[in-house]
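Structural features, examined
In case you want the letters, here they are:
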Amino acid sequence: LDVLCANAGIKGPTAAIEDMPLEGWHQCLGVNLDGATLDGSGVLSITGDSGMSAGVRLTSASLTRSTGNVSLNAPTGGAYVWRSDVRAQAGTLAISGTATATHGVYIADTNELTGSAVTVTGETSSTTGDGVHIGDSPATNSLTGSGNLTITGTQTSSTGFHGVQISNQTNIHANQSSLQTER
């Protein structure tokens, strides 16, 4: 599987909260939330290879896997995770990306990334990007590893930004953590 797009949905009822039919509310949640989660429930690995803006792009998506591992891998074009939740409840979560024109891995705006172990690895040669960039929005990002959490970023341009940049309301929880950065 090269690409998974699990962000389709329906509009649902529009009414004042006291006038909204409960059946319509449940139908909207069932399609928009459950549908996106179930679309990705059988996916072990998402790999994208692109010369465009992002090799793997998760936007407003939810991917939950109760057993097994989850891998998002973008060997070119970078991995972009925005307003998305990715959970490997009983396995490892690995996100990796390499880019030449942007961040290797970009995670921003209300993400919950959870796994028994979480690994984020990014590399860029862009003069305006970071190997791994987490934050950059007023919303909270949460990375949780019940075991180890490792973030590794590499910036290969001598005039580029950071190997790893973590900013703005980012919560990191792990029994053991490791942060590595290279220029």
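Right above here is the structure, for reference.
Residues numbered from 1 in each chain as written. Predicted model: local features only at pLDDT ≥ 70, side-chain atom pairs only at ≥ 80, totals over all residues. Heavy atoms only, no water.

**Let's talk about the pairing of strand β5 (residues 79-82)**
Residues Ala79 and Val81 of β5 are buried on one face, while the alternating residues Tyr80 and Trp82, pointing to the opposite face, are not. Alignment of strand β2 (residues 56-59) against β5, held across four bridges, turns out to be parallel. Considered in β5, the bridge of Arg57 is made with Tyr80. Pairing of β5 with strand β7 (residues 105-108) involves four bridges; the strand directions are parallel. The residue bridging Val81 from the neighbouring strand is Ile107, located in β7. (Buried < 20%, exposed > 50% of the residue type's maximum accessible area, 1.4 Å probe, protein only. Helix = DSSP H or I, 4+ residues; strand = E, 2+ residues; numbered from the N terminus. Pairing = 2+ DSSP bridges.)

**Notes on the environment of Ile166**
Among the structural elements, Ile166 can be located in strand β11 (residues 164-166). Considered as a pair, Ile166 and Gly135 are 31 residues apart in the sequence and their alpha carbons are 5.8 Å apart.

**Structural notes on the nonpolar core**
If you look at the biggest cluster of nonpolar residues, it comprises 24 residues, and the most contacted ones within it are Val86, Leu93, Ile95, Ile107, Leu113, Val120 and Ile151. For this core, the elements supplying multiple residues, two or more each, are β2, β4 (70-76), β5, β6 (85-99), β7, β8 (112-124), β9 (132-134) and β10 (141-155). With four residues, β6 is the largest single contributor of residues to this core. Residues contacting Leu93, with those up to four places away along its chain left out, are Val70, Val86, Ala88, Leu113, Thr114, Ala117, Val118 and Thr119. (Core = buried A, V, L, I, M, F, W, Y, C linked by side-chain atoms within 4.5 Å. Contact = heavy atoms within 4.5 Å.)

**A word on the pattern of salt bridges**
Going through the model one piece at a time under the given rule, you end up with two salt bridges. Of the charged contacts, one joins Glu112 and Arg87 as a salt bridge, the two residues approaching to 3.3 Å between their closest N and O atoms. On the criterion of sequence distance, the pair formed by Glu112 in strand β8 and Arg87 in strand β6 is long-range, its members being 25 residues apart. What emerges from the salt-bridge pattern is a single network uniting Asp85, Arg87 and Glu112. (Salt bridge = Lys/Arg side-chain N within 4 Å of Asp/Glu carboxyl O.)

**Quick notes on a nonpolar patch on the surface**
Where nonpolar side chains cluster on the molecular surface, the patch consists of Leu22, Trp25, Leu29 and Leu33 and spans about 380 Å² of accessible area. Relative to the elements of secondary structure, Leu29 occurs in helix α1 (residues 22-40). (Patch = residues over 30% accessible without salt bridge, like charges linked within 9 Å, V, L, I, M, F, W, Y side chains within 5 Å. Areas by Shrake-Rupley, 256 points an atom, 1.4 Å probe, with all protein chains shown as cover.)

**Observations concerning the environment of Thr152**
One can find Thr152 in strand β10. The buried category is assigned to Thr152, whose relative accessible area is 15%. Taking the C-alpha atoms as reference points, Thr152 and Glu123, separated by 29 residues in sequence, lie 8.5 Å from one another.

**Considering the packing of aromatic side chains**
For the structure shown, the criterion picks out one aromatic pair. Aromatic side chains Tyr80 and Tyr106 sit 5.3 Å apart centroid to centroid with 15 degrees between the ring planes, which places their arrangement in the stacked category. Taken together, the residues Tyr80 in strand β5 and Tyr106 in strand β7 connect sequence positions 26 residues apart. By relative accessible area, Tyr106 is classed as buried at 15%. (Phe/Tyr/Trp six-rings, centres within 6.5 Å; stacked < 30°, edge-to-face > 60°.)

**Details of the side chain of Arg87**
The exposure class of Arg87 is buried, given its relative accessible area of 18%. Only 3.3 Å separates the side chain of Arg87 from the side chain of Asp85, close enough to count as a polar contact. In this structure the side chain of Arg87 is engaged in a polar contact, spanning 3.3 Å, whose partner is the side chain of Glu112. Beyond its immediate stretch of four places on either side in the chain, Arg87 contacts Ser62, Leu63, Thr64, Arg65, Val70, Glu112 and Thr114. (Polar contact = N/O pair within 3.5 Å; in protein donor to acceptor, adjacent residues only side chain to side chain.)

**Topic: the sheet that holds β2**
Reading across the sheet, the five strands line up as β2-β5-β7-β9-β11 and stay open at both edges, with parallel pairing between neighbours. Every interior strand has two partners, whereas the edge strands, β2 and β11, have only one. Across the sheet, the mean angle from the axis of one strand to that of its neighbour is 0 degrees, orientation sign disregarded. (Axes fitted to C-alpha atoms, helices over the stretch in contact; angles between N-to-C directions.)

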